[in-house]
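Coordinate analysis (summary)
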Amino acid sequence: QVQVVESGGGLVQAGGSLRLSCAASGTIRSINTMAWYRQASGNKRELVAAISSGGSTNYDDSVKGRCTISRDNTKNTVYLQMNNLKPEDTAVYYCNVRTLTTTHWGQGTQVTVSS
C-alpha cells in the first residue's frame, strides 16, 4: 500500500508565496519521477513541474522563474516553492510519484490566490 500526501496549500494574496510538500510512504521502491500537477475548475489536469531521481527538472512555461521543484530522496518527499503567485495559479495541486511500473497520486491540496 502506497500513500501520497500533499500539504502546504492555502489562501494567499497575489504576489505571495507558498511551499507545497508531498511525502510518499508505504511499500514503494525506486521512485523515478516526482511531479506536481494542477487542475483549475473546469480545466484538465496539467503538469506544473517535475524532477527526476537524478535531479533534472522541467517546468511548465507559465511557472518558469516563479516556481522551484526539489526533492529529498531520503524522505521520499518532493517540494514546490511557488513565488510571485498569480490568480491564475488558483487550482488543486496534485502530487504524482512514479516508479518503473507504478504511478501514484495524492488527494490534492487547494491553492487559492486572491487578486
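In this report, we go over the structure that sits alongside the text. Owing to the predicted nature of the structure, the values given are computational and were not obtained by experimental measurement.

Reading the values: rules and limits
Along each chain, numbering runs from 1 in the same order as the chain's sequence is written. Local features in this predicted model are restricted to residues of pLDDT 70 or higher, and side-chain atom pairs are both shown and tallied only at a pLDDT of 80 or more, whereas totals for entire chains, interfaces and linings draw on every residue. Processing note: side-chain calculations cover all non-hydrogen atoms of the structure and skip hydrogens and water entirely. Secondary structure elements follow DSSP: runs of H or I no shorter than four residues count as helices, runs of E no shorter than two count as strands, and numbering proceeds from the N terminus. In this scheme, a residue with accessible area under 20% of its type's maximum is buried, one over 50% is exposed, and one in between is partly exposed, where area comes from a 1.4 Å probe on protein chains only. In what follows, residue pairs with any heavy atoms lying within 4.5 Å of each other are defined as contacts. Two cysteine sulfurs form a disulfide in these notes if their separation is within 2.5 Å. Nine residue types can take part in a nonpolar core, namely buried Ala, Val, Leu, Ile, Met, Phe, Trp, Tyr and Cys, and a core is a set of them joined through side-chain atoms within 4.5 Å. The pairing criterion is simple: DSSP has to find at least two bridges between the two strands. Axis definition: a line fitted to C-alpha atoms, limited for helices to the stretch in contact. Angles are taken between N-to-C directions and run from 0 to 180 degrees. For this analysis, a ring pair means two rings from Phe, Tyr or Trp (six-membered ring only for Trp) whose centres lie within 6.5 Å, classed as stacked if their planes differ by under 30 degrees, edge-to-face if by over 60, and tilted for the remaining angles.

1. What to know about the environment of T68
Mapped onto the elements of the fold, T68 is located in strand β7 (residues 67–72). The exposure class assigned to T68 is partly exposed, which follows from its relative accessible area of 44%. Apart from the residues within four sequence positions on either side, T68 is in contact with Y59, Y79, L80 and Q81.

2. Considerations on the state of the cysteines
This model, assessed by the stated rule, comprises 1 disulfide. Disulfide pairing places C22 opposite C95 at an S-S distance of 2.0 Å. One disulfide, between C22 and C95, carries an S-S torsion of -80° and so falls in the left-handed class. Remark: C95 occurs in strand β9 (residues 91–98) and C22 occurs in strand β3 (residues 18–26); sequence separation between them is 73 residues. Accessibility classification places C22 together with C95 in one group, the buried group.

3. A look at the nonpolar core
Considering soluble globular proteins, one finds that nonpolar side chains tend to be buried as a cluster. Counting residues in hydrophobic clusters, the biggest one holds 26 residues, and the most contacted among them are W36, V78, L80, M82, Y93 and V97. Those elements that provide at least two residues to this core are β3, β4 (34–39), β5 (46–51), β7, β8 (77–82), β9 and β11 (109–114).

4. Some words on the sheet that holds β3
Ordered in space as β1-β3-β8-β7, the 4 strands form an open sheet in which the pairing is antiparallel. Because the sheet does not close on itself, it has two edges, and the strands there are β1 (2–7) and β7. For this sheet the average axis-to-axis angle between neighbouring strands, irrespective of direction, equals 15°.

5. Some words on the packing of aromatic side chains
One pass over the structure, following the stated rule, counts 1 aromatic pair. Their ring planes at 65° and their centres at 5.0 Å tell us that Y37 and W105 sit as a pair that is edge-to-face. Taken together, the residues span a long stretch of sequence, with Y37 in strand β4 and W105 in strand β10 (residues 103–105) at a distance of 68 residues. Of the residues examined, Y37 reaches a relative accessible area of 16% and is grouped as buried.

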